[in-house]
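Structural description and commentary
Spelled out from the first residue to the last, the chains are:
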Amino acid sequence: MQDSIDKRNQQERVAHSIIKHWNVHYLTSAELEEKKHQEELQKAQEVMDRLNAEAAADEAAKQKEIEAAMQAAADSDYNAATKSYSGAYGKKAVTDEVTKEQINQILGEKTKAFTEHLEQTIEKHQ
C-alpha cells in the first residue's frame, strides 16, 4: 500500500517522463475497483432477475394447473347436492318447443295446485 509520499513521487516521476503507450492507464486503481464491483453487482442482479422470472413462470404454471383442475371438476358429472355422480342428466339446454311447453305445464300445475290449496286453507280459517 502506498502512502501519500509514494503517490507524490509516482506522480512526479510520471510527470517528468516520456509517456509510453504501455504506461498509459486511463483508469485509476480506485476506478478500476469500482468498475469490477459494478460488474459483479450487475451479474448478481441478472441472476436475481432470472431466478425471479423462473419463479414467476413456475407460479403461473401452478395457477394454470389449478385452474385446469377446477375446470375439470366443474365439467365432471359430480353432483354436489346429491354427493354422487349423476351423469349428464339435466345439463343440456332444452331446445324442443314441445318439451318446453311440457315443462312449463308441469311447473304450472304444481304452482296451480299450490295456489288452490293455499286459497282453500285461507277460506277455512276465515
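Below is a short write-up of the structure. All figures in this text were calculated on a predicted structure; none of them were measured in a lab.

**Describing the layout of surface pockets**
As a volume, the largest pocket reaches approximately 620 Å³. What lines the largest pocket is a set of 16 residues, among which Gln10, Val14, Asn23, His25 and Thr28 lie closest to the centre. At five residues, the largest contribution of residues to the lining of the largest pocket is made by helix H1 (residues 4–15). When grouped by side-chain class, the residues that make up the lining of the largest pocket number five nonpolar, eight polar and three charged.

**Quick notes on the pattern of salt bridges**
Pairs can form between side chains of opposite charge once their charged atoms are near each other. Scanning the model with the defined rule gives two salt bridges in all. Note that Arg8 is salt-bridged to Glu12, the shortest N-O span being 3.9 Å. Remark: Glu12 and Arg8 occur in helix H1; sequence separation between them is four residues, near one turn of the helix. The class for Arg8 is partly exposed, based on a relative accessible area of 45%. Residue Glu12 is classed as partly exposed on the basis of its relative accessible area of 42%. Here Arg50 and Glu54 are joined by a salt bridge, their closest N and O atoms 3.6 Å apart. Of the two residues, Arg50 and Glu54 both sit in helix H2 (residues 29–75), four residues apart, roughly one turn of that helix. Given the relative accessible area of 46%, Arg50 is considered partly exposed.

Analysis parameters
- Residues numbered from 1 in each chain as written.
- Predicted model: local features only at pLDDT ≥ 70, side-chain atom pairs only at ≥ 80, totals over all residues.
- Heavy atoms only, no water.
- 1 Å grid on protein atoms, 1.4 Å probe; cavity = no way out; pocket = protein on both sides within 12 Å on 5 of 7 lines; lining within 4 Å.
- Points joined across faces, edges and corners; volume = space filled by probe spheres on them.
- Helix = DSSP H or I, 4+ residues; strand = E, 2+ residues; numbered from the N terminus.
- Nonpolar A, V, L, I, M, F, W, Y, C, P; charged D, E, K, R; others polar.
- Salt bridge = Lys/Arg side-chain N within 4 Å of Asp/Glu carboxyl O.
- Buried < 20%, exposed > 50% of the residue type's maximum accessible area, 1.4 Å probe, protein only.

Spatial relationships are all this shows, so hold off on functional conclusions.
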